[in-house]
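Analysis of the macromolecular model
Here is how the chains run, residue by residue.
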Amino acid sequence: MTRIRIKDILKTEPQGQQISVKAWVRTFRSNQFIALNDGSTNNNLQVVVDFGNTDEGVLKRITTGAAISATGNLVASLGKGQSVELKASSIEIIGDSDAEKYPLQPKKHSLEFLREIAHLRFRTNTFGAVFRVRNSLAFAVHKFFNDKGFLYIHTPIITSSDAEGAGEMFRVTSLDILNPPKNETGQVDYAQDFFGKSTNLTVSGQLEGELAAMAFSDIYTFGPTFRAENSNTARHLAEFWMIEPEMAFFDLKDNMNLAEELLQYVIRYALDSNGEDIEFLSQRLEEEEKQKPQNERSEMTLLNKLKFCLDNNFERLTYTQAIEILRECNHNKKKKFQYLVDKWGVDLQSEHERYLVEKHFKKPVILTDYPKEIKSFYMRQNDDGKTVAAMDILFPGIGEIVGGSQREERLEKLETRMKEIGIPVEELSWYLDTRRFGSCPHAGFGLGFERLVLFVTGMTNIRDVIPFPRTPKNCEF
RNA sequence: UCCUUCUUAGCUCAGCUGGUUAGAGCACAUGACUGUUAAUCAUGGGGUCCCUGGUUCGAGCCCAGGAGAGGGAGCCA
């Protein structure tokens with residue numbers, strides 16, 4: 001008999017039809033009721049043991065975590081917790097699970113503990129919900145861009161460019177690190193390395209993405225990126241997934257519009273297709289918040305927060321306006337910021353971003369037109385000579401979720417800026433070719449996928465929204 | 001990398017001013033249970049008190065060094 005997924009079984013009208021299910025045991029109560037889960041939904045299927053047809057030996061092997069197969073009739077449940085249940089005529093143990101050794105117990109576990117057994121945490125309610133939502137969001141990203149006619153471009157994972165400037169890189173080499181070949185000056189001779197030169201893992205696909213946009217007009221990348229920064233926070237990973245669209249003939253405003261539309265689209269998609277999972281996560285969060293003192297609790301539930309994002313436009317303002325607001329706010333005047341906001345040109349600290357998003361506007365904020373000194377070389381210089389056409393989208397509880405800009409398309413301005421900051425122009429000659437041949441205004445942004453998943457699931461540590469997190473001093477599994 | 005808190009049973013934690021045999025709840029095992037909802041009841045087993053060194057008659061507790069984790073900051077997505 002064909003296996004039916006539990007998600008589909010639970011939607012079926014129970015008429016005593018015979019069905020077969022294969023899944024894992026979550027709990028076994030009263031020596032009679034098995035809560036079965038196959039990962040297709042957060043809800044379990046209740047299987048009722050028929051004592052006449054089940055021998056004692058099999059009953060003993062129905063333990064938490066065991067894989068079993070059950071066949072029987074689907075009927076309306078006599079109990080209160082569920083609408084349907086499977087009256088099992090036969091139960092078969094597919095894979096035993098020694099309850100004494102199985103780390104997942106039918107009880108609440110801390111997220112920190114589950115992180116240590118990341119290979120098993122998929123089997124919990126919380127992580128089941130998180131990774132189903134993650135899947136929906138990933139699919140929604142592709143659907144959004146595909147529906148708009150964007151081309152999905154695969155940019156390289158290994159790169160020879162070390163001029164992207166987005167952070168420390170992981171070196172890729174096949175040389176013997178204990179005894180590397182040296183050149184005349186005593187340096188490691190990368191000419192003898194696999195690629196004949198020094199290579200690294202990519203920190204961003206943007207520059208390659210721009211090349212493609214200069215032919216296909218609208219493209220996006222969605223792939224892993226790597227940063228060897230020694231960042232120990234709940235918002236950083238050494239290996240994370242990034243979405244980087246790049247659009248020819250777009251200016252900064254078009255760029256912002258697209259980013260906002262994308263974010264709202266994927267949040268709506270997740271709510272529509274994984275409403276139950278998000279509902280579960282929302283309730284989980286509410287329970288957790290009850291442990292906190294009143295003033296630390298969030299004003300909105302996760303569900304309301306997500307709906308609020310869909311119903312309200314993101315607040316847009318320039319860096320200069322933000323500095324004004326911060327300088328004039330009572331918080332600053334009462335010297336409650338650790339870093340006081342005094343003059344134009346300083347980089348915003350995360351306490352300032354949080355104030356703007358969580359206290360002042362109470363909604364997502366798009367900040368634009370930053371001072372050129374604190375932004376990257378490729379951002380388009382504004383006419384004021386001081387700022388660049390950059391935009392950051394700040395989300396409550398997350399901080400920067402999107403960073404983007406209109407790109408500098410004028411060859412001379414770009415080259416001058418690169419020389420000012422000390423970026424080797426010759427090494428990026430291939431990049432500058434886009435400005436030499438048929439250059440045009442274009443724009444793009446990077447969206448940190450895990451930060452998006454954080455926001456939509458309401459989780460607070462980024463290590464809990466990627467299956468196997470890579471962080472400093474941690475590369476398990 | 002900096003600041004800060006923590007590390008005791010499988011998990012979550014308690015452990016007084018340094019003092020005898022280190023505790024609880026849950027989990028697990030055994031038994032009971034034919035309508036349970038993280039079932040319930042009874043009984044039972046379970047410890048490298050993170051590691052190394054020191055102080056002391058005596059260290060889970062004090063001191064030094066190290067490792068790991070949480071929270072905050074910087075860097076960023």
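Above: the structure in question.
These numbers were taken from a predicted model, which means no experiment stands behind them.

This part is about helix α9 (residues 319–328). By the burial criterion, the buried members of α9 are Y319, A322, I323 and L326. In a view along the axis of α9, the buried residues occupy a sector of 100°, so they form one face of it. Turning to α9, the residues buried within the fold contact β12 (315–318), α10 (330–333), α11 (350–361) and β13 (365–371).

Counting residues in hydrophobic clusters, the biggest one holds 65 residues, and the most contacted among them are I393 and V456. When residues no more than four places from it in sequence are discounted, the contact partners of I393 are A259, L263, F314, V365, I366, G399, E400, I401 and V402.

Right, let's talk about the pairing of strand β14 (residues 387–395) for a bit. With nine of nine residues buried, β14 is to be regarded as a mostly interior element. In terms of strand pairing, β13 meets β14 through six bridges, oriented antiparallel. Counterpart to Y370 in the pairing with β14 is V388. A loop of three residues connects β14 with strand β15 (residues 399–406), the two strands running antiparallel in sequence, and G397 in this loop sits at a positive phi of about 80°.

Let us look at the packing of aromatic side chains. Enumeration over the complete set of coordinates arrives at 22 aromatic pairs. When the centroid spacing of 5.7 Å and the interplanar angle of 85° are considered together, the rings of F314 and F395 count as edge-to-face. Taken as a pair, F314 in the loop between α8 (302–311) and β12 and F395 in strand β14 lie far apart in primary sequence, 81 residues in all. Taken individually, F314 and F395 each receive the classification buried, so the pair is uniform in this respect. Considering the side-chain rings of W430 and Y431, the 6.3 Å spacing of their centres and the 75° angle between planes classify their relative orientation as edge-to-face. Here W430 falls in the partly exposed class, since its relative accessible area comes to 31%. An aromatic cluster of at least three residues, connected via ring pairs, comprises F139, F144, F145, F150, Y152, Y220, Y265 and Y269. One residue, K375, lies across the ring of Y370, its end atom 4.3 Å from the ring centre. Positioned above the aromatic ring of W344 is the side chain of K386, whose terminal nitrogen or guanidinium carbon lies 4.5 Å from the ring centre.

Calculation rules
- Residues numbered from 1 in each chain as written.
- Chains lettered and ligands numbered in written order.
- Predicted model: local features only at pLDDT ≥ 70, side-chain atom pairs only at ≥ 80, totals over all residues.
- Heavy atoms only, no water.
- Buried < 20%, exposed > 50% of the residue type's maximum accessible area, 1.4 Å probe, protein only.
- Helix = DSSP H or I, 4+ residues; strand = E, 2+ residues; numbered from the N terminus.
- Arc of directions from axis to C-beta.
- Contact = heavy atoms within 4.5 Å.
- Core = buried A, V, L, I, M, F, W, Y, C linked by side-chain atoms within 4.5 Å.
- Pairing = 2+ DSSP bridges.
- Phe/Tyr/Trp six-rings, centres within 6.5 Å; stacked < 30°, edge-to-face > 60°.
- Lys NZ or Arg CZ within 6 Å of the ring centre and 35° of its normal.

None of the figures reported here should be taken as evidence of function without further support.
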